[in-house]
Structures are given as C-alpha cells and as structure tokens.
Amino acid sequence: MIGDTILKLNHISKLYPGVTALDDLSLEFREGEVHAIVGENGAGKSTMIKTISGAIEPTQGTIEIEGETFTKLTPHLSRQKGIAVIYQEFTLVPVLSAAENIFMGEFIMNGMVLNRKEMERRSAELFERLNVKIDPTAKVADLTTGFQQIVEIAKAISKDAKLLIMDEPSAPLTISEVEAMYQIVDRLKEDGVTIIYISHRMDEIFRLSDRVSVIRDGKYITTVNTDETNKQELIKLMVGRELSETYPRRKNPATETIMSVSKLTGNGVKDISFDLQKGEILGMGGLVGAGRTELAQLIFGSEKIVSGEIIYKGQPLNMKQCPQAIKAGISMIPEDRKRHGVILDMTIKDNVTMPSLQRISRHRIINRNREKSVTEEYQRSLQIKTPSIEQKVKNLSGGNQQKVVLAKWLAMDPDVIIFDEPTRGIDVGAKQEIYQIMNDLADQGKAIIMISSDMEELLGMSDRIVVLCKGRMAGVLNREECTQERILTKAAGEE
Amino acid sequence: MKKLVKSKEFGVLMVLVALIIFFGIASPQFMKAQNFFNISKQIATVGICSVGFCFVLITGGIDLSVGYQISLDIVVTAVMMNTLGLNWAVACLIGMLLGTGIGLVNGLIIVETHVAPLIVTLSMMTILKGISYLITNGLAIFKFPDAFVKLGQGTIAGIVPISLLFLVAIIIIGIFILNKTVYGRYFYAIGNNVDAAKLSGVNVKKIQLMAYGLCGFFTSIGAILMLARLNSAQSSTGDGYEFNCLTACVVGGVSSNGGKGTVLGAIIGCLIVGVLENGLAIMNINEYIQEVIKGLVLLVAVIYDTMSLLKNEKVKKIKAINVEN
C-alpha cells in the first residue's frame, strides 16, 4: 500500500527577524501513508504546513514533490501539485449550500448562470465516496460542525488532492463525529491519498497513523513507525524531557458538600440534580450539544434559571447575572478561550485583574502597585511564561493564555471553579501543568467542575462523572465504575 | 527619550510638528503667539467634546449626535439666560444637565435595544436638530451677561484664554478617568471584547451608559464655552462637529473599531485638525477645498491606522514567541 516518496522537505529553514521557526528540517512523506506530526505549540508545525501549502517561502532548503524540486511554492502551485490543507478554522461560507461551497472558486457554469444541478450531482458523488449522508443542497450553516468539516474535506478532494494536510481536525468535533472523521481518513487512505495529520491527541495518532514524526523547536527530531512506539515515548520526544505521569494523583479526599443542584431547568437543560463537594473534581461528560456548557452557564449566572434551585454553602443561590455568582465565589473558565476567556488586545496584567479590579481599587481608583503585585504573584505561581506582565495576551501561546484565565479567577479566591474544556488546543507540556494546578486547587479544598470531551482527561482527572444526554441527566458515575464504554453508552442515551 | 519615541502618540505628534513647520514657512502670520492662542480658542470646543467622544469610541460605540447636541445645549442655555432671564450659572448648569441627559438617553437606547449606535445616534442627531430649530425658528439669540461671555472670550494676564484653561482641565480629568479608574479599564475591555468583559463580571450596560453620559456631559461643557465665545446662539452652530470630533480622534490614533486610543492622542488629533483649518484659512484657501482636505485627512488616518495595526502585530507576535521558547 505505502509506496514511494511523494513529498520531501530538504534542509528547510525559515527565519523571521529574531526567530528561527524552522531549523534545517528534513522530512519525507510516502505515498498513501497517514503521517502524523506531533510537537508542542510553537514547535514549527504550522510553519511547516505553510511551507508546503505555499503560504510562505522558506529561507533555505528545497521542497521535492514527486521528484520535482522547488525552492519555494505558491498556494496556486501547491494546489496544482495536488496538495490540499484542512485548517482548524473552516473556510466555508455559511449561507451557501454544501455543493456551492465545494465548488467555490471553480463554479461549474452553464453559460452565465451557475449549474447547480451538476454541482449537486458531483457533490453527492463525493459524499458517497466518503460514505456519508449529507444533502448537497443543505446550507452549511445548518450542518453540524462534524458535517461542515466533511464538506471541507470534500472540497479538498474535489480538486483531486493527492496529499491532504489536516491540522488538528478533531479539535472542534464531538466524540461521535470524531469516529466518523476517522472513518473518512481510513477511506481516503484506501483511495491512495497521502495524509499529513497534525494532532495533540495521542489516542488518535495511534488509531490513525502509520508513521509519526516529532518536531521540536523547529527541528526535526525523529520519525518512528506508530506500531513500534508508545505514548510515553512520544511525549518524551516532543517535550524533550521525561513526564512522570499523565494524570497526577491527589492526596486529599473530598470533604463536605458545597453546592447542591436540584431539578435545575433552563437554557436548554432540564431537571439536573447533583451534589458538588469541596476538594473534588466533578467531571462532566456527554456529547457536544448535550447541555454541559449550558448547565455551566446556569450555575455561573450568565443564563437564566427557569426552575429548580442551587443550594450553595447552605443557602439558596439567588442570582440574575454573573457578577453575583462571581461575588459568591463561583468562577468559570470558558471553552472558547479567545472569545470569552481573555481580552487578546489587552495586557496580561489588565486581564488578570479584570474581575478583581474593584478589590484592588480605592474609590474606584486603581492601585497600580497592588495590581502589579497581584499579577506577579500569579505569574510566578502558575509559571506564566512571558517577558513582562505588560505583554499583550494575544502574543502568548494557548497554554499560557489559559493560565492567564486561571490567574484572573484565582485572584478572586473562588470556592467553585468550572473548567469548560480546560486543555483544548493546549500542548502536552502545558496540559500537564494545568492538570497539576487543578489537582492542587482541589487539594486546597476548592470544588471543581470539569467539562471535557477528551475521554482520557475525563477519566484521568475526575473523582465522579456526571453524564448528560440531550439536556438531561444520564447518570452519575463514581471513579471505580467509570469506563470509556459506560460513559459513551450513557452519553448516547442508551442506558 | 526612547520611550517617548516608541509611544503611540509620537508619530501623530510628528505630523503636527510637520504641519506647523509647513504653515510657518508658507505664511509669516501663522507663527505668531497670538495665532496660537486663536487656534487654542478655536479648538477648545472640539477638544473638550473629543474627550467624551473618544470614551464612546473606545467602548466600541460612536455618537453622531454630538454636533446637534451642541446646537441644542447652546440654544437651551441661551433661552434660559436670555428669554427666561435666569442667572447665567444656573442656565449653564441646566445646559450641562441637558447634555448629560441626551447622552444617557442615547446610551439607554443602545444598551437596552442593541440597535447599532450609528443608527441610534444618527436618528438622535436629526431629532435634536429639529427640536433646536423649533425653539429658535432659525433665528439667532444673542446678548448675554458679560461675566458669561468672558468664559469664552476672556483671557488671563491678557494673553492666556480662559477657554484654554477649561480645555486643559477637561483633558486632565479625561486622562484620569481613562488611566487611573476602573471605569477607564472597563471602557477598553468592552471595546476589545464585550463577551469576555461580561463574563469577567463587568457590568457592561452600566459602563456603556456611562460612556455615552460622559460624552454628553463633556459635549455640553464644550457647547457652553462655544456659546460664550460666539456670544450668539444658532441652531446651525453645532453642524458638522461630530465629523470634527471623529476626525480628531481617529487621526490621534483612537480606533474606530473600539478598544484602542488615548485622550492625549485625541487632543493631538484636535490640534492637527485645528492647525490645518487655521493654516488653510490664513493661506486663503477656498472653503470648499478645505472640506475636501478634511475628508481626505479622515480617510488617510483610518487607512493608516488599519494598515499599521496589521504590520505591528506580526512583528510583535514573532518577538513574543521567541521569548517564550
């Protein structure tokens, strides 16, 4: 099945003023293989993709496509040679149909007008080839994220892509959608399409890839056959140091109930009841759309409760807006970090002190010294890597941005912290740090609710797991009874 | 010095210096001290209004009604003083209350209905215009107490205009609010990312309301000073001031997309616009050509702002990644 070299990078370097993004990188891809690329954030993966897709030109080195050597590529040339990229952010137009999106830029015309019929027919063929049922006339906006991604893939292969680059394709998908995407990757592979698969998630690398290459600090480290390696070894290669254990263990057991949710209804969820204890990490599992984030919004007060109540520290929690929840000691680390967690264009200091600004002010006048000392305290304790606390947050990596979100809530000294997908888009090393921080917080007696679509993380971190399905409780599982299968069956509403 | 050169306002300051040198060479009258005090008198109103205007811009809004707010504030204050014969200080107070009230109404409609600020304030502009003409019937109101007129025309020690002192005071208050208080910080937060601000516990509605209220308040002070300087109230007086404020702010680096800018920048922007107007007038340039130039200045400023933003970000990001690794 796996044939000759289809693409070869020869001693590629890419220098930016003051930065070496790629450093003498040589890598070889074989026809028909699924080749995973792993590396921490900032390792140079995206620069490498951009070199292949022609978005940037390398400072040094050459690219060899099927024996033909280029010193640089243009996006057009790269396409012509059969290379297509599926980026993390989709490039679809939501108001147009699936078929129109697939043929965007190369519309099939019937004289002056669009030949919709022909485009729809060909789209249907493509979907059939991918073994999925999508109506080519459906508006992209009406499709789920998973289907949107399939449209994106169909768009890529409609142009006879021989080499498909997928940049973290599973990141926006739900568990069941991920499985569907795996099958599409398998199918494309059967068709002889070469796939470069970039991912942070170890389980999918082992599920899908034939070979794995590791990149670190812009340098090529090694390539191994996937079935001859294991997770620990890969992580070690990526971070260049030994990580003791994937999920650190905690010392202190949970003590007393701090929050008691009963028959909570509103914002698309119904009749949710559970207890939350001090010192525990309560996992929240379920498919995307099961109502986990929506439930968190109710507890945080950013959406209205229709009925049911929350007993918090022995008192009913009566709130209409999130400032009241924040005051009561509830914090939320949102799923969409860049939109809801941080203000990208403001400094680390401004972000960290945002919720607690009134506390470090007198008569509404900000106390600069306290502001600085508070920020520096959390910069140290959470190890936010930055040259200065005056650095804008948009210049930080995902992991460090997440630490900024954490810092801003820790400065409020909360009792309940809700983590919504705490490690999404964060590299392995930083993930470990976030896990350690979460465990330390639980050890200090904080109650943590963790929403996660990453099954390993959910199983590894949680003391108990609440599973939601279609806005309702599907069950609560204790640590001992938790298995991936049980959570999935409950989440699918089959138990 | 290095810090000064790197600061955001430095580039704009250089434009101002270049303009002054240009007009200085082009016309000998321009460089006289008296002319500079003239300019300061002329820009006092725009300057004061721009402080409030930049608050609104920073929160991500806009207030196009500023021009006719000035007109209505002026007309109402004049009627209070002249027709009703109230004490001038009381009349001014009523004018200021009115201005603040209009700002708050703008803000209230915007935060409660979520209609785009551009549309709300554009409608408000037309409403205010109508009301002001209803009051004056298109005629001018004049003759005010001497003590009042002195606010706009008087000087201290024979040279420093009193209106300049008001301008400086408002600038200091503006800088204080924006840099030292929690409200200023919230203005930036809302302008940059309203969702994240809300989820951090910021009372977004209240803060937005405040920005529009302050804008109305500062505008009324600017209006009253203008009334005192002109010694005559007409409904057409404020026409076009929203454009001058917007130009001054954007030229001074206050982003029309919200979240960026400083009071000092906005004031340098005012000076640029003021020097340009004054210089062109001294050089006897046709009035209509002046309009064309003013429009071009705003357009160029917006283009420059957008382009330099894109460029800077790339360089900074690469530097930061470098440090992190």
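Note that the coordinates shown come from a computational prediction; the quantities given were computed from them, not determined experimentally.

1. Regarding the overall build of chain B
Counting its regular elements, chain B contains 14 helices and 4 strands. Compactness check: chain B gives a C-alpha radius of gyration of 20 Å against a globular reference of 20 Å for 325 residues, within 12% of the reference. Projected onto its principal axes, the C-alpha positions of chain B cover 70 × 55 × 35 Å. The burial tally for chain B puts 51% of its 325 residues in the buried class. Contacts in chain B between residues at least 24 apart in sequence constitute 78% of all its contacts with a sequence separation of at least 6. Accessible surface computed for chain B: about 14900 Å², of which carbon and sulfur atoms make up 68%. Each charge sign in chain B was given a centre, from 22 positive and 14 negative side chains, and these centres are 10 Å apart.

2. Let's talk about the domain arrangement of chain A
All names here are of chain A. Split into domains, chain A comes out as domain 1 (5–239) and domain 2 (257–491). Summarising the inter-unit geometry, the C-alpha centres of domain 1 and domain 2 are found 33 Å apart. Residue-level contacts link 11 residues of domain 1 with 14 residues of domain 2. A combined buried area of about 1200 Å² lies between domain 1 and domain 2, and 58% of that area is made up of carbon and sulfur atoms. For the pair domain 1 and domain 2, the interface holds 0 salt bridges. Counting across the interface, domain 1 meets domain 2 through 0 residue pairs in polar contact (both at pLDDT 80 or more). Looking at the side of domain 1 that touches domain 2, the element that brings in the most residues is helix 8 (residues 231–239), giving 4 residues. For the side of domain 1 that touches domain 2, the per-class residue count stands at 5 nonpolar, 3 polar and 3 charged.

3. Side note on the interface of chain B and chain A
Taken residue by residue, the interface counts 30 residues in chain B and 41 residues in chain A. Regarding the contact of chain B and chain A, the summed buried area is about 3000 Å², with carbon and sulfur atoms giving 57% of it. Viewed at the interface, chain A and chain B are joined by 3 salt bridges. Put simply, K260(B) and D345(A) hold a salt bridge, and the shortest N to O gap is 3.6 Å. Put simply, the parts of the chain that give the side of chain B that touches chain A at least two residues each are helix 8 (162–180), helix 9 (182–192), helix 10 (194–199) and helix 14 (287–324) of chain B. Sort the elements by how many residues they give to the side of chain B that touches chain A and helix 14 of chain B lands first, with 8 residues.

4. A look at the pattern of salt bridges
Close approach of charged atoms lets side chains of opposite charge pair. The final tally for this structure, using the stated rule, is 32 salt bridges over all chains. When the shortest N-O distance is used, the salt bridge between E112(B) and K205(B) registers 3.4 Å. Taken together, the residues E112(B) in helix 5 (residues 88–113) and K205(B) in helix 11 (residues 204–230) connect sequence positions 93 residues apart. Taking the relative accessible area as the measure of exposure, K205(B) reaches 39% and is therefore partly exposed. A single network of salt bridges, built from pairs that share partners, joins E118(A), R121(A), R122(A) and E125(A).

5. Topic: the sheet that holds strand 15 (residues 281–285) of chain A
All names here are of chain A. A sheet is described by the order of its strands in space; here 6 strands give the open sequence 18-21-22-15-23-24, paired in mixed fashion. Sheet topology places strand 18 (330–333) and strand 24 (472–478) at the edges, where each strand pairs with a single neighbour. Here the average twist between neighbouring strands, direction ignored, is 20 degrees. The sheet contacts of helix 14 (residues 398–410) involve strand 18 and strand 21 (416–420), and relative to strand 18 the element is tilted by about 170 degrees. Each of strand 15, strand 21 and strand 22 (447–451) touches helix 15 (residues 428–443); the most contacted strand, strand 22, lies at about 145 degrees to it.

6. Some remarks on the environment of F166(B)
Residue and element names in this part refer to chain B. Secondary-structure assignment places F166 in helix 8. Put simply, F166 and G222 are 56 residues apart on the chain and 9.0 Å apart in space, counted from C-alpha to C-alpha. With sequence-adjacent residues up to four places away left out, F166 is seen in contact with I48, L151 and L225.

7. So, the nonpolar core
Judged by nonpolar contacts, the single largest core of 174 residues is most densely connected at M259(A), F274(A) and F55(B). In this structure, F55(B) is in contact with G174(B), I177(B), L178(B), F187(B), A211(B), L214(B), F218(B) and V263(B), ignoring residues within four places of it in sequence. In this structure, V132(A), A154(A), V193(A) and L208(A) belong to the second largest nonpolar core, which totals 38 residues.

8. Side note on the sheet that holds strand 14 (residues 269–277) of chain A
Residue and element names in this part refer to chain A. Spatial ordering of the open sheet is given by 14-13-16-17, a layout of 4 strands whose pairing is antiparallel. In this open sheet, the two edge strands, each paired with only one partner strand, are strand 14 and strand 17 (315–316). Here strand 13 (residues 257–266) pairs with strand 14 via 6 bridges, running antiparallel. Residue pairing in the sheet places L264 in a bridge with I272 of strand 14.

9. Quick notes on the side chain of R292(A)
All names here are of chain A. Summarising the element assignment, R292 is placed in helix 9 (residues 292–300). Accessibility expressed as a relative area gives 5% for R292, which makes it buried. Only 3.2 Å separates the side chain of R292 from the backbone oxygen of G286, close enough to count as a polar contact. For R292, the residues in contact, after removing those within four places along its chain, are M284, G285, G286, L287, E421, I451, S452, S453 and L468.

10. Some words on the pairing of strand 11 (residues 211–216) of chain A
Residues and elements named next belong to chain A. When you tally the buried positions in strand 11, you get 5 out of 6 residues, the bulk of the element. The pairing of strand 3 (residues 34–38) with strand 11 spans 4 bridges and is classified as parallel. Residue pairing across strands places A36 opposite V212, the latter belonging to strand 11.

11. Some details on helix 7 (residues 146–153) of chain B
All names here are of chain B. The set of residues buried in helix 7 consists of F148, V149, L151 and G152. Buried residues of helix 7, viewed axially, fall in a sector of 140 degrees; they line one side. Considering only its buried residues, helix 7 is in contact with helix 3 (33–58), helix 4 (66–81), helix 5, helix 8 and helix 11.

12. Side note on the packing of aromatic side chains
Residue and element names in this part refer to chain B. Summed over all chains, the structure comprises 9 aromatic pairs over all chains. Aromatic pair F217 and F218: ring centres 5.6 Å apart, planes at 50 degrees, arrangement tilted. With a relative accessible area of 28%, F217 lands in the partly exposed category. Taking relative accessible area as the criterion, F218 reaches 2% and is therefore assigned buried.

Thresholds, definitions, all that
- Residues numbered from 1 in each chain as written.
- Chains lettered and ligands numbered in written order.
- Predicted model: local features only at pLDDT ≥ 70, side-chain atom pairs only at ≥ 80, totals over all residues.
- Heavy atoms only, no water.
- Helix = DSSP H or I, 4+ residues; strand = E, 2+ residues; numbered from the N terminus.
- Rg over C-alpha atoms; globule rule 2.2 N^0.38 Å.
- Buried < 20%, exposed > 50% of the residue type's maximum accessible area, 1.4 Å probe, protein only.
- Contact = heavy atoms within 4.5 Å.
- Areas by Shrake-Rupley, 256 points an atom, 1.4 Å probe, with all protein chains shown as cover.
- Lys, Arg positive; Asp, Glu negative; His and termini not counted.
- Charge placed at Lys NZ, Arg CZ, Asp CG, Glu CD.
- Domains from an automatic or database assignment.
- Buried area = accessible area lost by both parts, 1.4 Å probe.
- Salt bridge = Lys/Arg side-chain N within 4 Å of Asp/Glu carboxyl O.
- Polar contact = N/O pair within 3.5 Å; in protein donor to acceptor, adjacent residues only side chain to side chain.
- Nonpolar A, V, L, I, M, F, W, Y, C, P; charged D, E, K, R; others polar.
- Pairing = 2+ DSSP bridges.
- Axes fitted to C-alpha atoms, helices over the stretch in contact; angles between N-to-C directions.
- Core = buried A, V, L, I, M, F, W, Y, C linked by side-chain atoms within 4.5 Å.
- Arc of directions from axis to C-beta.
- Phe/Tyr/Trp six-rings, centres within 6.5 Å; stacked < 30°, edge-to-face > 60°.

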